[in-house]
Amino acid sequence: MTATTLDPKTALVVVDLQKGIVGLDTVHPAADVVARSAALADAFRAKGLPVVLVHVVDGAPGRNETPTGAGGALPADWADIVPELGPREGDIVVTKRTWGAFHGTDLDLRLRRAGVTQIVLTGIATSIGVESTARSAHEHGYHVTIATDAVTDRDAEAHRNSVERIFPRLAETDTTEAIVALLGR
């Protein structure tokens, strides 16, 4: 669990830290994930690096065995990004309808136009939105770093599997503090 470097053009990608998700029961307190993600966002903004705030507005169509919906109408502010994160002037906001932030969005195009070669990921849920985005970023050729103390999940085993087994194959991992320190170099 050691991030070695950050490319000169690295973007922070914050996944699904929105009002309707941060209120769910999670393995690690969502408030801690929000606070650490906000600290990273502040550090990236201070360096003039892109901050991408991703939020999900609904789910992809299709049948599955585990329904993910709330079974009714969602509150009007369900998809609103938490105010601790913004958006702030210059941030990129991505609206998605699937687990990952790349599929069906213009995220890859916007990152490439900005010259981004690496992303740092945070968010909820570790095994769903964060992992899907990490997999896709890796497949798109980005260097990926995951702030493992700035991700959480509703399922402890799924969270552990992503952090211990999947992320090391796709990315470097480290703490928020260590990533902020790399930004200072």
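Scroll up to find the structure this text is about.
Residues numbered from 1 in each chain as written. Predicted model: local features only at pLDDT ≥ 70, side-chain atom pairs only at ≥ 80, totals over all residues. Heavy atoms only, no water.

Participant: Help me understand the packing of helix α4 (residues 126–139) against helix α5 (residues 156–170) in this model?
Facilitator: In a packed pair of helices, the relevant descriptors are the angle between the two axes and the axis-to-axis distance. Viewed as axis vectors pointing N to C, α4 and α5 meet at an angle of 10°, and their least axial separation amounts to 10 Å. Between α4 and α5, the crossing angle belongs to the class labelled roughly parallel. Contact residues: T126, S127, V130, E131, A134, R135 and H138 in α4; A158, H159, S162, V163, I166, F167, R169 and L170 in α5. Of the residues belonging to the contact of α4 with α5, the class tally is seven nonpolar, five polar and three charged. (Axes fitted to C-alpha atoms, helices over the stretch in contact; angles between N-to-C directions. Helix = DSSP H or I, 4+ residues; strand = E, 2+ residues; numbered from the N terminus. Parallel < 35°, antiparallel > 145°, perpendicular 65-115°, else oblique. Contact = heavy atoms within 4.5 Å. Nonpolar A, V, L, I, M, F, W, Y, C, P; charged D, E, K, R; others polar.)

Participant: Sorry, what's going on with the environment of G86 here?
Facilitator: Of note, G86 is situated in the loop between β2 (51–56) and β3 (92–96). In sequence terms G86 and A181 are 95 residues apart; their C-alpha atoms lie 23 Å from each other. In this structure G86 touches L53 and I81, once residues within four positions along its chain are discounted.

Participant: Would you mind going over unusual backbone geometry with me for this structure?
Facilitator: The omega torsion of the bond from G86 to P87 falls at 10°, within 30 degrees of zero and hence cis. Within the fold, P87 resides in the loop between β2 and β3. Here I124 and A125 are connected by a cis peptide whose omega angle stands at 5°. You can see A125 is positioned in the loop between β4 (118–124) and α4. Positive phi values are uncommon outside glycine, yet D16 reaches one of about 60°. Looking at the secondary structure, you find D16 in the loop between β1 (10–15) and α1 (19–22).

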